[in-house]
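The chain contents come next:
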Amino acid sequence: MSDLLDRIGLNGDVPAHVAIIMDGNGRWAAERGLPRHLGHREGMKSVRETISGAVEAGVEILTMFAFSTENWNRPAQEVSALMRLLQHYARRESDELRKQGVEVHVLGELGRVDDATRAAVDAIVADTRGGSALRLNLMISYGGREELVRSARVLAERVRRGELAPEDIDEAVVEDTLFTRDVAAPDLLIRTSGEYRISNFMLWQLAYTELHITPVYWPEFGREHLFEAIVDYQSRERRFGRVGSS
Ligand code: IPE
Ligand code: IPE
Ligand code: MG
């Protein structure tokens, strides 16, 4: 039993939705004289641990940034290593995730993903459907700007067809066009590897999310780091632009 997990329970107010920018695989590998892809492989263990830690802590939604729109610009060899790793992960973890009651959703521009990867992620989504302990959003080929551009196109098309009046476009209408249409915004965002930036992740959704940045590289991140981030979150006062309570 973890002391931090006890503290989380005592504090109450577990963030319902936690999002993570999993960063630092390459630097973790470089520091050990290893090729980058071994850093990505090592990072899979952290994915596994973080998911089970999230279930233990009572998080309801976990969103993990696995591959960004801009990551397509990495060398072809690294891109294909990452896609193969995704396939491997989807095939290998499916049973375990189902047992834990994790329902996997894959969000992003999947039209750009190769057929084998697409088939593997479709299978894990189908095989874990109905899990009620945790919803896991794997963000693959996802970019916040691209998501908003798509939204603008969808809304413009509806206006052109006469189905929607411009003055009826409000936040809820925009939200309904996003990949995340059926989930509330993240309460807590964790970024590993000490980078203080958003890197085009969930630009709309993060408007009032609490940020927790840790210097730990993703392959070293484990359940205790997740619990630390949640305890940190529990010390924040979320004001949403209003006047504070103290
Ligand atoms: C995160 O690790 C994984 C992906 C972005 C796919 P990086 O590959 O970005 O590792 P660093 O940032 O180069 O250390
Ligand atoms: C963000 O990390 C994307 C993912 C974790 C998938 P990057 O490593 O791509 O971001 P930058 O380049 O450091 O901003
Ligand atoms: Mg990086």
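Use the structure listed above.
The present account deals with the structure reproduced in this document.

Rules behind the numbers
- Residues numbered from 1 in each chain as written.
- Chains lettered and ligands numbered in written order.
- Predicted model: local features only at pLDDT ≥ 70, side-chain atom pairs only at ≥ 80, totals over all residues.
- Heavy atoms only, no water.
- Near = heavy atom within 4 Å.
- Polar contact = N/O pair within 3.5 Å; in protein donor to acceptor, adjacent residues only side chain to side chain.
- Areas by Shrake-Rupley, 256 points an atom, 1.4 Å probe, with all protein chains shown as cover.
- 1 Å grid on protein atoms, 1.4 Å probe; cavity = no way out; pocket = protein on both sides within 12 Å on 5 of 7 lines; lining within 4 Å.
- Sits in = over half its atoms within 2 Å of the grid points.
- Helix = DSSP H or I, 4+ residues; strand = E, 2+ residues; numbered from the N terminus.
- Nonpolar A, V, L, I, M, F, W, Y, C, P; charged D, E, K, R; others polar.
- Core = buried A, V, L, I, M, F, W, Y, C linked by side-chain atoms within 4.5 Å.
- Buried < 20%, exposed > 50% of the residue type's maximum accessible area, 1.4 Å probe, protein only.
- Contact = heavy atoms within 4.5 Å.
- Pairing = 2+ DSSP bridges.
- Axes fitted to C-alpha atoms, helices over the stretch in contact; angles between N-to-C directions.

### Comments concerning the site of ligand 1
By nearness alone, 13 residues border ligand 1, and Asp23, Gly26, Arg27, Arg36 and Arg74 come closest of all. Within the side chain of aspartate 23, an N or O atom sits 2.8 Å from an oxygen atom of ligand 1. Taking arginine 27, its main chain carries an N or O atom lying 2.7 Å from an oxygen atom of ligand 1. Taking 380 Å² as the accessible area of ligand 1 by itself, protein coverage stands at 87%. Given that more than half its atoms are within 2 Å of the pocket grid, ligand 1 belongs to the largest pocket. Of all the secondary-structure elements, those providing two or more residues to the shell around ligand 1 are helix H2 (25-31), helix H3 (36-57) and helix H4 (76-100). Here the shell around ligand 1 takes 3 residues from H2, the largest share from any one element.

### Side note on the site of ligand 2
Ligand 2 sits among Ile21, Met22, Asp23, Phe65, Ala66, Phe67, Ser68, Asn71, Arg74, Arg191, Arg197 and Ser199. Asparagine 71 places a polar side-chain atom, nitrogen or oxygen, 2.9 Å from an oxygen atom of ligand 2. Taking arginine 197, its side chain carries an N or O atom lying 2.8 Å from an oxygen atom of ligand 2. Taken atom by atom, the bulk of ligand 2 overlaps the largest pocket. No other element matches the 4 residues that strand S2 (residues 61-68) contributes to the shell around ligand 2. In terms of residue class, the shell around ligand 2 is made up of 5 nonpolar, 3 polar and 4 charged.

### Side note on the nonpolar core
Ile51, Leu62, Met64, Val104, Leu136 and Ile140 are the most contacted members of the largest nonpolar core, which totals 48 residues. Here this core takes 8 residues from H4, the largest share from any one element. In this view, isoleucine 51 contacts Leu62, Met64, Tyr89, Leu97, Val102, Leu134 and Leu136; residues no more than four positions away in its chain are not counted.

### A few points about the side chain of threonine 180
By secondary structure assignment, the location of threonine 180 is in the loop between helix H7 (171-175) and strand S5 (188-191). Among the residues examined, threonine 180 registers a relative accessible area of 6% and is labelled buried. Of the polar contacts made by the side chain of threonine 180, one reaches the side chain of glutamine 205; its length is 2.8 Å. Setting aside its immediate chain neighbours within four residues, threonine 180 contacts Leu107, Met139, Glu147, Met202 and Gln205.

### Structural notes on the sheet that holds S2
Here 6 strands make up an open sheet; going across it, the order is S3-S4-S2-S1-S5-S6 and the pairing parallel. What marks the edges here is a single partner per strand, and that holds for strand S3 (102-107) and strand S6 (210-213). If you compare each strand with its neighbour and ignore which way they point, the axes differ by 20° on average. Of the strand pairs in this sheet, S2 and strand S4 (residues 134-142) are connected by 7 bridges, and their pairing is parallel.

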